[in-house]
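Close look at the chain arrangement
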Amino acid sequence: MKQIRALVFDLDGTLVTSTLDFALIREELGCPEGIDVLTFVDGLSDAERVEAEAIIHRHEVEDAEQSVWLPGAQAFVKRCRDLEIPLAILTRNSDFSSRIKIAKNEIPIPYLITRENSKPKPDPSALHEIASRFSLPSEAVLMVGDYKYDLQAGRNARMPTCLVHYEGEPDYLHLADYKFQNFSQFHQVFFETRQLIN
Ligand SMILES: [Mg+2]
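This is a predicted model, so every value here is computed, not measured.

Bringing the domain arrangement of the protein into the picture now. Domain annotation for the protein reports domain 1 (6-17 + 68-197) and domain 2 (22-66). Placing a centre on the C-alpha atoms of domain 1 and another on those of domain 2 gives a separation of 24 Å. The interface of domain 1 with domain 2 comprises 8 residues on the first partner and 7 residues on the second. In the side of domain 1 that touches domain 2, the residues fall into 2 nonpolar, 3 polar and 3 charged.

Structural data, given as structure tokens:
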């Protein structure tokens with residue numbers, strides 16, 4: 001991990017909690033299982049889409065207002081900031097609800113890319129944009145997330161990938177170059193390897 005010079009974090013389930021009830025959202029939208037919610041909404045007529053977006057917005061704002069840091073994530077981010085490691089957040093959440101989460105939890109990461117200003121993960125274009133803004137090759141930027149879209153986006157951008165907060169053997173485990181069940185383990189390994197080179 002000593003080649004890592006910058007990190008991109010997913011937001012929900014990685015840095016902060018998410019209590020979004022996807023089953024309830026799907027039910028309210030009439031979105032069948034097996035179809036990605038955002039893809040489903042994109043395929044609706046204009047009038048239906050406005051209504052669907054209002055449903056999603058309501059759920060996301062409620063979720064954002066209840067969000068809290070996940071264990072160990074705040075200490076990890078703080079240490080990165082102290083060491084001036086460039087950081088970004090890439091989320092499929094809306095800009096509005098992401099900013100509520102960032103403000104409420106005082107997440108010290110101003111560089112935020114949301115679904116309004118990027119193609120959603122697993123598309124790699126936002127990650128290419130971040131690496132280029134950091135003036136770093138993709139292999140020096142670590143994509144950190146808790147779900148397959150994060151890992152697929154990282155792979156598609158040729159970035160190393162790190163899975164956090166996993167349990168058991170999820171079917172996307174093979175997409176992770178590094179895996180940690182919690183941030184404390186990640187913290188220890190990540191900063192230990194840096195002490196060796198500093
Ligand atoms: Mg997530």
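Ordered by their spatial adjacency, 6 strands build an open sheet running β3-β2-β1-β4-β5-β6, and the pairing between neighbours is parallel. Edge positions in the sheet fall to β3 (112-113) and β6 (178-180), since each has one partner strand and no second. Alignment of strand β5 (residues 161-164) against β6, held across 3 bridges, turns out to be parallel. If you follow Cys 162 over to β6, its bridge partner there is Tyr 178. Packing of helix α7 (residues 148-156) onto the sheet brings it into contact with β4 (141-145) and β5, and relative to β4 it is tilted by some 165°.

Turning our eyes to something else, we now look at unusual backbone geometry. Omega for the bond connecting Lys 121 with Pro 122 falls within 30 degrees of zero, at 15°, which places this linkage in the cis form. In this fold, Pro 122 is placed in the loop between β3 and α6 (125-133).

A separate point is helix α1 (residues 22-29). Little of α1 sits inside the fold, with 0 of its 8 residues counted as buried. One or two residues past the end of α1 sits Gly 30, with phi positive at roughly 75°.

All right, on to the packing of helix α3 (residues 46-66) against helix α5 (residues 95-105) then. Orientation of α3 relative to α5, taken along the N-to-C sense of each, is 10°, at an axis distance of 8 Å. The angle between α3 and α5 falls in the class roughly parallel. Together, Glu 60, Val 61, Asp 63, Ala 64 and Glu 65 of α3 and Ser 97, Ile 100 and Lys 101 of α5 make up the contact between the two elements. Its residues assigned to classes, the contact of α3 with α5 comprises 3 nonpolar, 1 polar and 4 charged.

This paragraph deals with the pairing of β4. Within β4, 5 of the 5 residues are buried, leaving the element largely enclosed by the surrounding structure. Judged from the 4 bridges that link them, strand β1 (residues 6-9) and β4 form a sheet pairing that is parallel. When the sheet's bridge partners are listed, Phe 9 is paired in β4 with Val 144. When β4 meets β5, the two strands line up parallel, connected through 3 bridges. The residue of β5 that forms the bridge with Gly 145 is Leu 163. The β-α-β motif built from β4, the intervening α7 and the parallel element β5 has right-handed crossover chirality.

All right, on to α3 then. With 21 residues, α3 should cover 30 Å at 1.5 Å per step; its first-to-last C-alpha distance of 31 Å lies within 8% of that length. Among all positions of α3, only Ala 52, Glu 60, Asp 63 and Ala 64 are buried. For α3, the angular spread of the buried residues around the axis is 105°, confining them to a single face. Those residues of α3 that are exposed and angled more than 90 degrees off the buried face are Ala 47, Val 50, Ala 54, Arg 58 and Glu 65. Close packing links the buried residues of α3 with α1, α2 (37-42) and α5.

What counts and what doesn't
- Residues numbered from 1 in each chain as written.
- Predicted model: local features only at pLDDT ≥ 70, side-chain atom pairs only at ≥ 80, totals over all residues.
- Domains from an automatic or database assignment.
- Contact = placed C-beta atoms within 7 Å.
- Nonpolar A, V, L, I, M, F, W, Y, C, P; charged D, E, K, R; others polar.
- Pairing = 2+ DSSP bridges.
- Helix = DSSP H or I, 4+ residues; strand = E, 2+ residues; numbered from the N terminus.
- Axes fitted to C-alpha atoms, helices over the stretch in contact; angles between N-to-C directions.
- Buried ≥ 20, exposed ≤ 12 C-beta atoms within 10 Å, placed from the backbone.
- Parallel < 35°, antiparallel > 145°, perpendicular 65-115°, else oblique.
- Right-handed = clockwise from strand over helix to strand, strands pointing away.
- Expected span 1.5 Å × (residues − 1).
- Arc of directions from axis to C-beta.

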